[in-house]
Amino acid sequence: MPTLTVTTEADLIAACVRGEHRAQRQLYDQLAGLMLTVCRRYLKRREDAEEALILGFAKMFRALPNYRFEGSFEGWVRRIMVNEALMQLRQRELMTVSMEDFAQPENLATTAATADTQLQAEDLLNLLATLPTGYRTVFNLYALEGYGHQEIAELLGISEGTSKSQLSKARAMLQRRVQFSAISAN
(Lines give C-alpha, C1' and ligand atoms only; values in the text may rest on other atoms or scores of the structure.)
Protein backbone atom coordinates (compact mmCIF):
# COMPACT_ATOMS: atom_id res chain seq x y z
CA MET A 1 0.00 0.00 0.00
CA PRO A 2 1.56 3.36 -0.97
CA THR A 3 2.21 5.81 1.83
CA LEU A 4 0.03 8.83 2.20
CA THR A 5 1.65 12.20 1.73
CA VAL A 6 -0.15 14.78 3.80
CA THR A 7 1.65 18.00 4.57
CA THR A 8 -0.50 19.51 7.30
CA GLU A 9 -2.85 18.41 10.04
CA ALA A 10 -5.68 20.19 8.19
CA ASP A 11 -4.92 18.16 5.04
CA LEU A 12 -4.93 14.93 7.05
CA ILE A 13 -8.26 15.81 8.66
CA ALA A 14 -9.74 16.73 5.27
CA ALA A 15 -8.58 13.40 3.82
CA CYS A 16 -10.17 11.57 6.76
CA VAL A 17 -13.44 13.44 6.26
CA ARG A 18 -13.39 12.36 2.60
CA GLY A 19 -13.17 8.77 3.85
CA GLU A 20 -9.61 8.05 2.72
CA HIS A 21 -8.68 4.93 4.66
CA ARG A 22 -4.93 5.55 4.57
CA ALA A 23 -5.44 8.99 6.11
CA GLN A 24 -7.67 7.51 8.79
CA ARG A 25 -5.03 4.89 9.55
CA GLN A 26 -2.32 7.55 9.69
CA LEU A 27 -4.37 9.66 12.10
CA TYR A 28 -5.08 6.60 14.25
CA ASP A 29 -1.40 5.63 14.29
CA GLN A 30 -0.39 9.17 15.30
CA LEU A 31 -2.80 9.41 18.22
CA ALA A 32 -3.57 5.88 19.43
CA GLY A 33 -0.67 5.50 21.87
CA LEU A 34 -1.31 8.79 23.61
CA MET A 35 -5.07 8.30 23.70
CA LEU A 36 -4.73 4.77 25.08
CA THR A 37 -2.74 6.26 27.95
CA VAL A 38 -5.57 8.74 28.54
CA CYS A 39 -8.14 5.91 28.64
CA ARG A 40 -5.95 3.78 30.91
CA ARG A 41 -5.88 6.54 33.51
CA TYR A 42 -9.63 6.09 33.97
CA LEU A 43 -10.08 2.37 33.42
CA LYS A 44 -8.17 -0.19 35.47
CA ARG A 45 -8.18 -3.03 32.96
CA ARG A 46 -6.19 -2.55 29.76
CA GLU A 47 -8.93 -4.35 27.78
CA ASP A 48 -11.51 -1.82 28.97
CA ALA A 49 -9.19 1.05 28.02
CA GLU A 50 -8.64 -0.47 24.57
CA GLU A 51 -12.39 -0.77 24.08
CA ALA A 52 -12.85 2.87 25.10
CA LEU A 53 -10.08 3.82 22.66
CA ILE A 54 -11.73 2.03 19.74
CA LEU A 55 -15.18 3.41 20.55
CA GLY A 56 -13.66 6.87 21.06
CA PHE A 57 -11.98 6.76 17.65
CA ALA A 58 -15.24 5.68 16.03
CA LYS A 59 -16.97 8.68 17.61
CA MET A 60 -14.09 10.96 16.63
CA PHE A 61 -14.23 9.88 12.97
CA ARG A 62 -18.03 10.40 12.91
CA ALA A 63 -17.64 13.86 14.49
CA LEU A 64 -14.65 14.88 12.38
CA PRO A 65 -16.72 16.81 9.79
CA ASN A 66 -17.86 19.03 12.68
CA TYR A 67 -14.35 19.83 13.91
CA ARG A 68 -13.96 23.63 13.73
CA PHE A 69 -10.14 23.96 13.94
CA GLU A 70 -10.52 25.94 17.16
CA GLY A 71 -7.83 25.06 19.66
CA SER A 72 -5.69 21.99 19.47
CA PHE A 73 -6.90 19.01 17.46
CA GLU A 74 -5.21 16.68 19.93
CA GLY A 75 -7.11 18.38 22.76
CA TRP A 76 -10.38 17.90 20.88
CA VAL A 77 -9.66 14.18 20.42
CA ARG A 78 -8.55 13.89 24.07
CA ARG A 79 -11.89 15.28 25.21
CA ILE A 80 -13.73 12.66 23.15
CA MET A 81 -11.54 9.93 24.68
CA VAL A 82 -12.08 11.20 28.22
CA ASN A 83 -15.84 11.25 27.67
CA GLU A 84 -15.78 7.72 26.24
CA ALA A 85 -13.62 6.46 29.13
CA LEU A 86 -16.06 8.04 31.60
CA MET A 87 -18.96 6.36 29.82
CA GLN A 88 -17.17 3.01 30.03
CA LEU A 89 -16.35 3.70 33.68
CA ARG A 90 -19.99 4.37 34.52
CA GLN A 91 -20.95 1.06 32.91
CA ARG A 92 -18.23 -0.96 34.65
CA GLU A 93 -17.57 0.52 38.07
CA LEU A 94 -19.43 2.32 40.80
CA MET A 95 -18.01 5.79 41.23
CA THR A 96 -18.56 6.04 44.93
CA VAL A 97 -16.22 6.88 47.74
CA SER A 98 -15.82 4.12 50.25
CA MET A 99 -15.15 5.39 53.75
CA GLU A 100 -13.33 2.11 54.33
CA ASP A 101 -10.78 3.04 51.66
CA PHE A 102 -10.10 6.36 53.29
CA ALA A 103 -10.19 5.15 56.88
CA GLN A 104 -7.21 2.81 56.46
CA PRO A 105 -4.10 4.44 58.03
CA GLU A 106 -1.90 3.43 55.07
CA ASN A 107 -4.11 5.52 52.79
CA LEU A 108 -3.48 8.76 54.68
CA ALA A 109 -0.59 11.03 53.80
CA THR A 110 1.38 12.00 56.86
CA THR A 111 4.43 13.67 55.33
CA ALA A 112 5.18 15.53 52.15
CA ALA A 113 6.57 13.58 49.22
CA THR A 114 10.21 14.32 48.58
CA ALA A 115 11.34 16.02 45.41
CA ASP A 116 13.77 13.21 44.64
CA THR A 117 11.03 10.60 44.33
CA GLN A 118 11.21 9.28 40.77
CA LEU A 119 8.38 7.37 39.13
CA GLN A 120 8.21 5.96 35.65
CA ALA A 121 5.03 6.55 33.64
CA GLU A 122 3.94 2.91 34.03
CA ASP A 123 4.51 3.12 37.79
CA LEU A 124 2.33 6.22 37.96
CA LEU A 125 -0.44 4.54 35.96
CA ASN A 126 -0.26 1.58 38.33
CA LEU A 127 -0.46 3.88 41.37
CA LEU A 128 -3.43 5.73 39.88
CA ALA A 129 -5.14 2.40 39.24
CA THR A 130 -4.98 1.58 42.97
CA LEU A 131 -7.11 4.60 43.88
CA PRO A 132 -10.83 4.07 44.46
CA THR A 133 -12.74 4.83 41.28
CA GLY A 134 -14.19 8.18 42.39
CA TYR A 135 -10.84 9.48 43.64
CA ARG A 136 -9.03 8.32 40.49
CA THR A 137 -11.62 9.86 38.18
CA VAL A 138 -11.66 13.26 39.87
CA PHE A 139 -7.84 13.31 40.13
CA ASN A 140 -7.46 12.52 36.42
CA LEU A 141 -10.01 15.10 35.33
CA TYR A 142 -8.59 17.85 37.53
CA ALA A 143 -4.84 17.25 37.68
CA LEU A 144 -4.21 15.65 34.30
CA GLU A 145 -6.97 16.93 32.01
CA GLY A 146 -7.32 20.42 33.45
CA TYR A 147 -11.04 20.39 34.18
CA GLY A 148 -12.37 22.67 36.92
CA HIS A 149 -14.42 21.41 39.85
CA GLN A 150 -17.66 22.79 38.39
CA GLU A 151 -17.04 20.93 35.10
CA ILE A 152 -16.15 17.74 36.97
CA ALA A 153 -19.29 18.02 39.06
CA GLU A 154 -21.41 18.35 35.92
CA LEU A 155 -19.63 15.49 34.11
CA LEU A 156 -19.94 13.08 37.02
CA GLY A 157 -23.23 14.22 38.52
CA ILE A 158 -21.69 15.16 41.88
CA SER A 159 -21.41 18.40 43.84
CA GLU A 160 -18.42 20.70 43.55
CA GLY A 161 -17.69 20.02 47.21
CA THR A 162 -17.56 16.30 46.54
CA SER A 163 -15.19 16.91 43.65
CA LYS A 164 -12.88 18.99 45.84
CA SER A 165 -13.04 16.45 48.65
CA GLN A 166 -12.27 13.50 46.37
CA LEU A 167 -9.35 15.38 44.82
CA SER A 168 -7.92 16.12 48.25
CA LYS A 169 -8.30 12.51 49.35
CA ALA A 170 -6.81 11.22 46.10
CA ARG A 171 -3.77 13.46 46.53
CA ALA A 172 -3.32 12.29 50.11
CA MET A 173 -3.53 8.64 49.11
CA LEU A 174 -1.14 9.10 46.19
CA GLN A 175 1.31 11.02 48.34
CA ARG A 176 1.33 8.25 50.91
CA ARG A 177 1.69 5.53 48.28
CA VAL A 178 4.52 7.35 46.52
CA GLN A 179 6.30 7.72 49.84
CA PHE A 180 5.72 4.03 50.63
CA SER A 181 7.00 3.03 47.15
CA ALA A 182 10.15 5.10 47.66
CA ILE A 183 10.76 3.50 51.07
CA SER A 184 10.12 0.00 49.68
CA ALA A 185 12.56 0.58 46.81
CA ASN A 186 15.40 1.34 49.22
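As the structure is a prediction and not an experimental result, all values here were calculated from the model.

A.B. asks: Whenever I open this one, the packing of aromatic side chains confuses me. Can you help?
C.D. replies: For any pair of aromatic rings, geometry is given as the distance between the ring centres together with the angle between the planes. Counted according to the given criterion, the structure contains six aromatic pairs. Judged by centre distance (4.7 Å) and plane angle (55°), the rings of Y28 and F57 are tilted. Taken together, the residues Y28 in helix α2 (residues 21–42) and F57 in helix α3 (residues 46–63) connect sequence positions 29 residues apart. Judged by relative accessible area, F57 falls into the buried class, the value being 3%. Between the aromatic rings of F73 and W76, the centroid separation amounts to 5.7 Å while the plane-to-plane angle is 25°, which identifies the pairing as stacked. With a gap of three residues between them, F73 and W76 both fall in helix α4 (residues 73–92), about one helical turn apart. On the accessibility criterion, F73 (3% relative accessible area) is buried. The partly exposed category is assigned to W76, whose relative accessible area is 23%.

A.B. asks: Where do I start with the packing of helix α1 (residues 9–17) against α2 in this structure?
C.D. replies: Two quantities define a packed helix pair, namely the angle between the axes and the distance from one axis to the other. Remark: α1 packs on α2, axes separated minimally by 8 Å, with the N-to-C direction vectors making an angle of 125°. As judged from the angle between their axes, α1 and α2 are oblique. Seen from above, α1 lies across α2 with left-handed handedness. Facing L12, A15 and C16 of α1, the residues of α2 in contact are A23, Q24, Q26, L27 and Q30. Of the residues in the contact of α1 with α2, the class split is five nonpolar, three polar and no charged.

A.B. asks: Please clarify how the pattern of salt bridges should be interpreted in this entry.
C.D. replies: Any two side chains of opposite charge can pair if their charged atoms end up close together. Scanning all chains against the criterion turns up ten salt bridges. E20 is the partner of R18 in a salt bridge, and the nearest nitrogen-oxygen pair spans 2.9 Å. Take R18: its relative accessible area is 57%, and that puts it in the exposed class. Look at the salt bridges and you will find they share partners, linking R41, E74, R78 and E145 into a network.

A.B. asks: Whenever I open this one, α2 confuses me. Can you help?
C.D. replies: The α-helix winds at 3.6 residues per turn, so residues separated by three or four positions along the chain end up facing the same way. Under the 1.5 Å per step criterion, the end-to-end length of α2 is 29 Å for 22 residues, consistent within 8% with the ideal 32 Å. At A32, α2 is deflected by roughly 50°, the largest bend along its length. By the burial criterion, the buried members of α2 are A23, Q24, L27, L31, A32, M35, L36, V38, C39, R40, R41 and Y42.

A.B. asks: Can you help me understand the nonpolar core in this one?
C.D. replies: In a soluble, globular protein the nonpolar side chains are often hidden away together inside. By size, the foremost hydrophobic cluster in this structure holds 44 residues, and its most contacted members are L27, Y42, M60, L64, F73, M81 and L141. The set of elements that each furnish at least two residues to this core consists of α1, α2, α3, α4, α6 (121–130), α7 (133–144), α8 (149–156) and α9 (160–185). Residue contributions to this core peak at nine residues, all from α2. Residues within four places of L141 in sequence aside, it is in contact with Y42, V82, L86, G146, Y147, I152, L155 and L156.

About the cut-offs
Residues numbered from 1 in each chain as written. Predicted model: local features only at pLDDT ≥ 70, side-chain atom pairs only at ≥ 80, totals over all residues. Heavy atoms only, no water. Phe/Tyr/Trp six-rings, centres within 6.5 Å; stacked < 30°, edge-to-face > 60°. Helix = DSSP H or I, 4+ residues; strand = E, 2+ residues; numbered from the N terminus. Buried < 20%, exposed > 50% of the residue type's maximum accessible area, 1.4 Å probe, protein only. Axes fitted to C-alpha atoms, helices over the stretch in contact; angles between N-to-C directions. Parallel < 35°, antiparallel > 145°, perpendicular 65-115°, else oblique. Left-handed = near helix turned anticlockwise from the far one by under 90°. Contact = heavy atoms within 4.5 Å. Nonpolar A, V, L, I, M, F, W, Y, C, P; charged D, E, K, R; others polar. Salt bridge = Lys/Arg side-chain N within 4 Å of Asp/Glu carboxyl O. Expected span 1.5 Å × (residues − 1). Bend = angle between axes of the 7 residues up to and from the residue. Core = buried A, V, L, I, M, F, W, Y, C linked by side-chain atoms within 4.5 Å.

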